[in-house]
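# A structural walkthrough
Residues per chain are reported as follows:
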Amino acid sequence: MRSEELLITLARKIHGEDAARILRVLMDKAELSDEELAYELGMDVARVRKLLNELFESRFVRYRRARDENVGWYRYYWRITDEPPERIVEDRKRLVAQLLEKLFLEETRDEYYVCPACGSKYTSAEADELGYVCAKCGEVLEPYDNTARVEKLKKTLEQLRNTSMMRETSS
Ligand SMILES: [Zn+2]
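Residues numbered from 1 in each chain as written. Predicted model: local features only at pLDDT ≥ 70, side-chain atom pairs only at ≥ 80, totals over all residues.

This part covers the overall build of the protein chain. Per the secondary structure count, the protein chain includes seven helices and six strands. Its helices and strands taken in sequence order, the protein chain reads α-α-β-α-α-β-β-α-β-β-α-β-α from the N to the C terminus. The C-alpha radius of gyration computed for the protein chain amounts to 23 Å, which surpasses the reference 16 Å derived for 171 residues by more than 25%, pointing to a less compact arrangement than a globule. Here the C-alpha coordinates of the protein chain stretch approximately 70 × 45 × 25 Å along the principal axes. (Helix = DSSP H or I, 4+ residues; strand = E, 2+ residues; numbered from the N terminus. Rg over C-alpha atoms; globule rule 2.2 N^0.38 Å.)

Okay, here's the thing in structure tokens:
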């Protein structure tokens, strides 16, 4: 996949179709202001600005700020990042790995109880406090077997780590 297409696909996955449309327009231009982008896409300026901020946080776009002497305020001119998309992918993976580690710790730190009727989940402390009865529907709680979930989290984490390492050693 060409790196521009990879960038657009990533942006769509993370920020949605409209964000991907913004990137696609920026690909063909040197730089555009918020207003110009909104005009090109027939989108609300406020929405364009919100999406641009999201794209900036994920490092898909950069901006140049210039003072408009006529109106006396600053205008922002946006362009595509010059970072390689691979680096954005790696950063993304690192964030996902952090999230998975957090979930993994949560699952393994404590024992859980679940309501067989409504599916509500409680920590052992919460369940103890409730006398092992669901707070929502009064059903008796059952110990929650999270072995499968923990195994799945572990596997996903390992896969993520392996692909990252492979990329680092091959480049
Ligand atoms: Zn319940």
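There is more to say after this.
Structurally, the position occupied by Glu 107 is in helix H5 (residues 85–109). Accessibility expressed as a C-beta count within 10 Å gives 17 for Glu 107, which makes it partly exposed. Expressed as a C-alpha distance, the spacing of Glu 107 and Thr 9, which sit 98 residues apart in the sequence, is 32 Å. Excluding residues that lie within four positions of it along the chain, Glu 107 makes contacts with Asn 146, Arg 149, Val 150 and Leu 153. (Buried ≥ 20, exposed ≤ 12 C-beta atoms within 10 Å, placed from the backbone. Contact = placed C-beta atoms within 7 Å.)

Within a sheet, adjacent strands bond to each other through the backbone by hydrogen bonds, running parallel or antiparallel. Pairing is antiparallel in the open sheet, where three strands are placed in the order S5-S4-S6. One side of each edge strand has no neighbouring strand; the edge strands of this open sheet are strand S5 (121–123) and strand S6 (142–144). Direction aside, neighbouring strands of the sheet carry axes that sit 40° apart on average. Bridging between strand S4 (residues 112–114) and S5 involves three bridges; their strand directions are antiparallel. Opposite Val 114, over in S5, you have Lys 121 as the bridge partner. (Pairing = 2+ DSSP bridges. Axes fitted to C-alpha atoms, helices over the stretch in contact; angles between N-to-C directions.)

It is worth spelling out the confidence of the model for the protein chain at this point. On average, residues of the protein chain score 87 in pLDDT, and 94% of them are at 70 or above. Counting contacts from residues 165–171, a segment whose pLDDT is below 50, to residues more than four positions away or on other chains yields one contact. (pLDDT = per-residue confidence, 0-100.)

As assigned here, the protein chain comprises domain 1 (3–83) and domain 2 (86–170). Here the C-alpha centre of domain 2 lies 35 Å away from the C-alpha centre of domain 1. (Domains from an automatic or database assignment.)

Okay, the sheet that holds strand S3 (residues 74–80) next. Taking strand neighbours across the sheet as the criterion, the three strands line up as S1-S3-S2 in an open arrangement whose pairing is antiparallel. Two strands lie at the open edges of the sheet, namely strand S1 (32–33) and strand S2 (61–67), each paired on one side alone. As paired elements, S1 and S3 share two bridges and run antiparallel to each other. Of the residues in S3, the one forming a bridge with Leu 32 is Trp 78. Across the sheet, helix H2 (residues 17–27) lies against S1, S2 and S3, angled at about 85° from S3, the strand it touches most.

Take the environment of His 15 next. Relative to the assigned elements, His 15 resides in helix H1 (residues 3–15). The contact partners of His 15, leaving out residues within four places of it in the chain, are Leu 51, Glu 54 and Leu 55.

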